Amino acid sequence: MPKDEDQAERLARLAREAHERAEALDLAADGSEASDAHHHPAEAATDAEARERQLQAQLRLKEEEERLLRLAEAAERGEYGICVDCGGAIPAARLEIVPDAERCVSCQEAASGGRRR
Ligand SMILES: [Zn+2]
């Protein structure tokens, strides 16, 4: 991706992609409900687990989308890449890998109890 791509646009695009992935999961779930005609207790358990995983994935995508939208707004104000905890600059290399990083590495580690998310 081009280095000079406008950060706000990049973040808005990533937010849209997260939204679309969440919607795609919805569609997949609707499709599987059509096959409920052949019901089997073992399948039902698997279905429930699959549904649970799907909900978790959608929740994560929704959080990701919201974070990216917040960051897109911050980028428009010229505040993207600033750690929400210490106010320090988040290294560009980190933002390249984790576009939705809200904290610098040390604050992120402190926030997640030493684990990276
Ligand atoms: Zn920080």
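Residues numbered from 1 in each chain as written. Predicted model: local features only at pLDDT ≥ 70, side-chain atom pairs only at ≥ 80, totals over all residues.

Draft legend 1. Broad picture of the overall build of the protein. Within the protein, the secondary structure is distributed over 4 helices and 0 strands. Helices and strands in the protein line up, N terminus first, as α-α-α-α. Out of the 117 residues in the protein, the part that is buried amounts to 11%. Look at the contacts in the protein between residues 6 or more apart in sequence, and 58% of them connect residues 24 or more apart. (Helix = DSSP H or I, 4+ residues; strand = E, 2+ residues; numbered from the N terminus. Buried ≥ 20, exposed ≤ 12 C-beta atoms within 10 Å, placed from the backbone. Contact = placed C-beta atoms within 7 Å.)

Draft legend 2. Quick look at the nonpolar core. In terms of nonpolar packing, the biggest core is built from 7 residues, these being Leu-11, Ala-15, Ala-18, Leu-68, Leu-71, Ala-72 and Tyr-80. When residues of this core are traced back to their parent elements, those giving at least two are helix H1 (7-33) and helix H2 (41-76). When neighbours within four sequence positions are excluded, Tyr-80 is seen to be in contact with Gln-7, Leu-71, Ala-74 and Ala-75. (Core = buried A, V, L, I, M, F, W, Y, C linked by C-beta atoms within 7 Å.)

Draft legend 3. Expanded view of H2. With 36 residues, H2 extends 52 Å between its outermost C-alpha atoms, agreeing within 8% with the 52 Å of an ideal straight helix rising 1.5 Å per residue. Just beyond H2, the residue with positive phi is Gly-78, at close to 75°. (Expected span 1.5 Å × (residues − 1).)

Draft legend 4. Main features of the environment of Arg-16. Of note, Arg-16 is situated in helix H1. C-beta crowding within 10 Å serves as the criterion here: with 13 such atoms nearby, Arg-16 is assigned to the partly exposed category. C-alpha of Arg-16 to C-alpha of Glu-65: the two residues are 49 residues apart in sequence and 7.2 Å apart in space.

Draft legend 5. Up close: the confidence of the model for the protein. For the protein, the mean per-residue pLDDT works out to 85, and 83% of the residues sit at or above 70. Element-level pLDDT for the protein is lowest in H1, with a mean of 86, against a maximum mean of 94 in helix H4 (residues 105-111). (pLDDT = per-residue confidence, 0-100.)

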